[in-house]
Amino acid sequence: MKVLYATDMDRTIVFSQRFLDEYPTSAKYEIAETKGDRIISYVALDVKNKLHTLNNNINVEVVPVTTRSKAEFERINIGLNNKYAIISNGGIILENGEPMKEWEEYLRGKVDRVELMDVFMDLGELASVCRKVDIIDGKYLFTKTDDAETFDLEINALRIKYPNVEFTRQRGKVYGIPKAFSKSIALTWLKDRIKAETVVASGDSELDIPMLQVANYPFVPEHGELAKKCYVSPEKLIPAGIDSALHTMKKVEELIS
């Protein structure tokens, strides 16, 4: 059986110091990501080692799936040379580290670049937005708000004006993502391309919901916002912590044994 193991990165595989302060652990871990002299995230050694083992198994395709930009994704260094990765919330599929041409061609006629620039202008004019709007990898928009209540009211007008764009707020982070792509659309496309029979997926946030919905075996760590907001049933939950991904990997191992 060919298993596609799709895993979110932040707070699923790599974790910040703030997380470690909130969820103290006896598990051994090491630095996974730096930015200049600053440490950004850590990875549990057992998780890193298990990922390497699965990645070297011919029956498993380990696919990182993230909303991160290409540059942000490439900051993560856990020594894993994945053939594929889904980044920019599904806007880009990397193959051997480079954007896959077939996926780029597939999206070319589906994303309205003119409309995206119009959204860029309108989003930046909202009173509740507290920083400039960025276009991430030419695919989607990102900004922040320090007034969630006002933002949630203001964004309704843009949802009506731009029905082809999904507006999402995660705490203070704000995303404007064309509905032409998502983690689930990219994941389903890749699954068909590599002829995987089963998808095991794990993620912790609302942007992971589409990916989890198309997986045969979805898993959500108890520390994630999806668990805290009771978006998932108990049988899909795995214990919280920096080594939580080990529980998802156990399912992958069971499927290929």
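Because the structure is predicted, anything quoted here is derived from the model rather than measured. (Residues numbered from 1 in each chain as written. Predicted model: local features only at pLDDT ≥ 70, side-chain atom pairs only at ≥ 80, totals over all residues. Heavy atoms only, no water.)

Enquirer: Sorry, what's going on with the packing of aromatic side chains here?
Expert: The geometry of an aromatic ring pair is captured by the separation of the ring centres together with the interplanar angle, meaning the angle of the planes. Under the counting rule described, the total for this entry stands at 7 aromatic pairs. Summarising the aromatic geometry, the rings of Tyr-29 and Tyr-42 are spaced 5.3 Å apart at their centres and angled 80° between planes, so their arrangement reads as edge-to-face. Taken together, the residues Tyr-29 in strand β2 (residues 29–35) and Tyr-42 in strand β3 (residues 38–44) connect sequence positions 13 residues apart. According to the relative accessible area criterion, Tyr-29 is partly exposed, its value standing at 36%. A relative accessible area of 12% means that Tyr-42 is categorised as buried. On the numbers, 5.3 Å between centres and 55° between planes, the contact of Phe-142 with Tyr-175 is tilted. Residue Phe-142 is located in strand β9 (residues 140–144), and its partner Tyr-175 is located in strand β11 (residues 173–178); the two are separated by 33 residues in the primary sequence. For Phe-142, a relative accessible area of 13% translates into the label buried. Relative accessible area serves as the criterion here: at 8%, Tyr-175 is assigned to the buried category. (Phe/Tyr/Trp six-rings, centres within 6.5 Å; stacked < 30°, edge-to-face > 60°. Helix = DSSP H or I, 4+ residues; strand = E, 2+ residues; numbered from the N terminus. Buried < 20%, exposed > 50% of the residue type's maximum accessible area, 1.4 Å probe, protein only.)

Enquirer: Just to check I follow, could you spell out the packing of helix α2 (residues 45–55) against helix α10 (residues 245–256) for this structure?
Expert: The relative placement of two packed helices is expressed as an angle between their axes plus a distance between the axes. As a packed pair, α2 and α10 sit with axes 10 Å apart at the nearest point and diverge in direction by 25°. On the basis of the axis angle, α2 is roughly parallel to α10. By crossing handedness, the relation of α2 to α10 is classed as left-handed. Facing Asp-46, Val-47, Lys-50, Leu-51 and Leu-54 of α2, the residues of α10 in contact are Ala-245, Leu-246, Met-249, Val-252, Glu-253 and Ile-256. Residue composition of the contact of α2 with α10, by class: 8 nonpolar, no polar and 3 charged. (Axes fitted to C-alpha atoms, helices over the stretch in contact; angles between N-to-C directions. Parallel < 35°, antiparallel > 145°, perpendicular 65-115°, else oblique. Left-handed = near helix turned anticlockwise from the far one by under 90°. Contact = heavy atoms within 4.5 Å. Nonpolar A, V, L, I, M, F, W, Y, C, P; charged D, E, K, R; others polar.)

Enquirer: Looking at this structure, I do not really get the pattern of salt bridges. What am I missing?
Expert: A side chain with one charge may pair with a side chain of the opposite charge, provided their charged atoms come close. Across all of its chains, the model carries 22 salt bridges by this definition. Between Lys-70 and Glu-74 there is a salt bridge; the shortest N-O distance is 2.6 Å. Pair noted here: Lys-70 and Glu-74 are both in helix α3 (residues 70–75), with a separation of 4 residues, about one helical turn. Between Lys-229 and Glu-225 there is a salt bridge whose closest N-O contact spans 3.6 Å. (Salt bridge = Lys/Arg side-chain N within 4 Å of Asp/Glu carboxyl O.)

Enquirer: Is there a simple way to think about the pairing of β3 in this case?
Expert: Extensive coverage of β3 is indicated by the burial of 5 of its 7 residues. Relative to β3, β2 runs antiparallel, the two sharing 6 bridges. Following the sheet pairing, Lys-35 is matched in β3 by Arg-38. Once β2 ends, the chain turns through 2 residues before running back antiparallel as β3, passing Gly-36 with a positive phi of about 65°. (Pairing = 2+ DSSP bridges.)

Enquirer: Looking at this structure, how should I read the side chain of Asp-208?
Expert: On the secondary structure map, Asp-208 appears in the loop between β12 (198–202) and α8 (209–214). Of the residues examined, Asp-208 reaches a relative accessible area of 0% and is grouped as buried. Side-chain polar atoms of Asp-208 contact the side chain of Lys-183, separated by 2.5 Å. Not counting the four nearest positions on each side in its chain, Asp-208 is found in contact with Asp-8, Lys-183 and Gly-203. (Polar contact = N/O pair within 3.5 Å; in protein donor to acceptor, adjacent residues only side chain to side chain.)

Enquirer: Quick question: what am I supposed to make of the environment of Phe-73 here?
Expert: Position of Phe-73 among the secondary structure elements: in helix α3. Along the primary structure Phe-73 and Glu-235 are separated by 162 residues, whereas in three dimensions their C-alpha atoms are 30 Å apart. Not counting chain neighbours up to four residues away, the residues in contact with Phe-73 comprise Pro-64, Thr-66, Arg-68, Ala-85, Ile-87 and Leu-94.

Enquirer: Explanation requested: the sheet that holds strand β13 (residues 217–221) in the structure shown.
Expert: Either a parallel or an antiparallel arrangement is found when strands of a sheet pair, and the pairing is made through backbone hydrogen bonds. Sheet architecture is open: 5 strands sit in the order β4-β1-β12-β13-β14, paired in parallel fashion. Of all the strands in the sheet, the pair left with one neighbour each is β4 (60–64) and β14 (237–238). Pairing geometry for β13 and β14, over 2 bridges, is parallel. Its bridge partner being in β14, Val-220 is matched across the sheet by Leu-237. The strands that helix α7 (residues 183–194) touches are β1 (3–7), β4 and β12; relative to β1, the one it contacts most, it runs at about 155°. The strands that α10 touches are β1, β4, β12, β13 and β14; relative to β1, the one it contacts most, it runs at about 175°.

Purely spatial values, then, with no claim about function.
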